[in-house]
Amino acid sequence: MMYNVVSMGLKLRILPDEDMIGVLEQNIGNARFVWNHILSEYNELYKRFKAHGYPLKTNLRNFNAILNLLKDEFTFLREGESTSQQQVCRDLNKAFSRFFKKISGYPNFKSKRKATPSFRIQKNGNNIKVTNKRIRLAKLGYVRYQTSPEYRKLLKTSEINNVTVKRENGKYYAIVNVYTVVSKLKPQGASVGIDLGLKDLATLSNGLEIANLDLKREDKMIRKYQKKLSRQKYMSNNYQKTLKTYHKWIDKKNNKLKNAYHHLSKYIVKTFDLISMETLNIKGWFQNKKWSPKLQRIALYKLIQMIQYKAEWYGKDFIQIDRFFPSTLKCHNCQHQQESMPLNIRKWTCPKCGKHHHRDINAAINIKNEGIKIKYEHPIKIPT
């Protein structure tokens, strides 16, 4: 098969009028309200059942029953979009499933300030319709949108699954999840190992070193307007003007980063058939006070995700090797392993075979070789 059917999220900037903004905010509030009340009801029921020796299991049926009771008690929920409230039940059930499998923590209540302001509408018959200039959402009506010509074409030719409406930095977006056909890329007969880091963003096993993006100006302006906001009266006219500028600089930074990562991930997926990377302990890195500010700026996990899903789309192999694989300590030439390698050592010579190494390139070659070994289930010597 020379193509894949993939799930793709198309981000549209929507331009609601004042009346529509009120409707959007009401549905955002409804989704948060339903999440918090179902979670609260479940916690109370769980305590009661457990006290009598019957631990209450979580399932979608129970959550939907609680939702129906909430609609009887709080009639404003019936005025909102119904599939988005049912989606909250599914999301909460999934969150509990991940908790019981010890993948993530216990579901938390969502606060108005910290939670992502969003709701998701599931496709149900003709409740979602997209024209060349407007998108119609059930119970919300038509709203104008802006997007690229490429996305407009995909909207016409793809099957819509759901739409997530969210507020981000003072703007409203509709992320349209579609099923579409993507042609696989031709094999290039090449493999690569990628060593990610803080000094350089990425080092490839072919010797290519990719520097971190320069975001100093954007970070400086974001800090400037953060300070300015803290000195102004909340939601005053001056506060709202400053907030608009503050959001503008956040958008500039995010767009610059996304654009660079999209180009880099596309280059890697087009050029190589087997892409091997480390499984990074990013949560552990964030505990280091010196590293965490830089990690927040460069968003390594976002780059890893882009490379992974594009590799799946275009029929390339993506392998993440074990977190504890000693890629930095091993000599890729003779497999001799050093006991330790301080961060300040950027170049070293193998005491066994005398091979001189660049720290990150050597690590990338080891990652590449380990990825090939995992794929083909036996070690393959790769010439450098």
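Look a little higher up for the structure.
Residues numbered from 1 in each chain as written. Predicted model: local features only at pLDDT ≥ 70, side-chain atom pairs only at ≥ 80, totals over all residues. Heavy atoms only, no water.

Chemist: What is the right way to look at the nonpolar core in this model?
Modeler: Inside soluble globular proteins, nonpolar side chains tend to come together where they are buried. With 45 residues, the main nonpolar core has Ile14, Ile38, Ile135 and Val163 as its most contacted residues. No other element matches helix H1 (residues 18–51), which puts 10 residues into this core. Contact partners of Ile38, with chain neighbours within four places excluded, come to Phe63, Ile66, Leu67, Leu70, Cys89 and Leu92. Leu215, Met277, Leu280 and Leu303 belong to the second-largest nonpolar core, a separate cluster that totals 29 residues. (Core = buried A, V, L, I, M, F, W, Y, C linked by side-chain atoms within 4.5 Å. Buried < 20%, exposed > 50% of the residue type's maximum accessible area, 1.4 Å probe, protein only. Helix = DSSP H or I, 4+ residues; strand = E, 2+ residues; numbered from the N terminus. Contact = heavy atoms within 4.5 Å.)

Chemist: Is there a simple way to think about helix H10 (residues 300–313) in this case?
Modeler: An α-helix turns once per 3.6 residues; consequently, residues spaced three or four apart project the same way. Along its 14 residues, H10 runs 20 Å from first to last C-alpha, staying within 8% of the 20 Å computed at 1.5 Å per residue. Three or more residues of H10 are buried, namely Leu300, Leu303, Ile304, Met306, Ile307, Lys310, Ala311 and Trp313. Phi for Gly315, located one or two positions after H10, is positive at around 75°. (Expected span 1.5 Å × (residues − 1).)

Chemist: Before we go on, may I ask you to explain the pairing of strand E7 (residues 171–183) in this structure?
Modeler: Looking along a regular strand, one sees the side chains alternate between the two faces of the sheet. Bridging between strand E1 (residues 3–15) and E7 involves 12 bridges; their strand directions are antiparallel. Looking across to E7, one finds that Val6 is bridged to Thr180. For strand E6 (residues 159–168) and E7, the ladder comprises nine bridges, and the chain directions are antiparallel. Of the residues in E7, the one forming a bridge with Thr164 is Ile175. In textbook terms, the turn of a hairpin is the stretch between consecutive antiparallel strands, and for E6 and E7 this stretch comprises two residues, one of which, Asn169, has a positive phi near 55°. (Pairing = 2+ DSSP bridges.)

Chemist: Help me out: how do you make sense of the pairing of E6 in this one?
Modeler: Pairing between strand E2 (residues 118–122) and E6: five bridges, direction antiparallel. Of the residues in E6, the one forming a bridge with Phe119 is Val165.

Chemist: Whenever I open this one, the packing of helix H6 (residues 216–230) against helix H7 (residues 237–271) confuses me. Can you help?
Modeler: Axis angle and axis distance: for two packed helices, these are the angle between their axes and the distance between the axes, and together they describe the pair. Direction vectors running N to C along H6 and H7 enclose 160°, while the axes themselves pass 9 Å from each other. Considered as vectors, H6 and H7 are oriented roughly antiparallel to each other. Seen from above, H6 lies across H7 with left-handed handedness. Contacts from Arg217, Glu218, Asp219, Met221, Ile222, Tyr225, Gln226, Lys228 and Leu229 of H6 reach H7 at Tyr239, Thr242, Leu243, Thr245, Tyr246, Trp249, Ile250, Lys252, Lys253 and Lys256. Along the lines of polarity and charge, the residues of the contact of H6 with H7 split into nine nonpolar, three polar and seven charged. (Axes fitted to C-alpha atoms, helices over the stretch in contact; angles between N-to-C directions. Parallel < 35°, antiparallel > 145°, perpendicular 65-115°, else oblique. Left-handed = near helix turned anticlockwise from the far one by under 90°. Nonpolar A, V, L, I, M, F, W, Y, C, P; charged D, E, K, R; others polar.)

Chemist: What am I meant to see in the pattern of salt bridges here?
Modeler: Oppositely charged side chains may form a pair once their charged atoms are brought near each other. For the structure on display, the rule yields 10 salt bridges. A salt bridge links Lys256 to Glu218, with the nearest nitrogen and oxygen atoms 3.5 Å apart. One end of the pair, Lys256, is in helix H7; the other, Glu218, is in helix H6, and 38 residues separate them in sequence. A relative accessible area of 9% places Glu218 in the buried class. Of the charged contacts in the structure, one is a salt bridge between Asp219 and Lys253, with a shortest N-O distance of 2.9 Å. With a gap of 34 residues between them, Asp219 in helix H6 and Lys253 in helix H7 connect regions that are remote in the sequence. Exposure class is identical for Asp219 and Lys253. Each is buried. Linked through salt bridges whose partners overlap, the residues forming this network are Lys11, Lys166 and Glu168. (Salt bridge = Lys/Arg side-chain N within 4 Å of Asp/Glu carboxyl O.)

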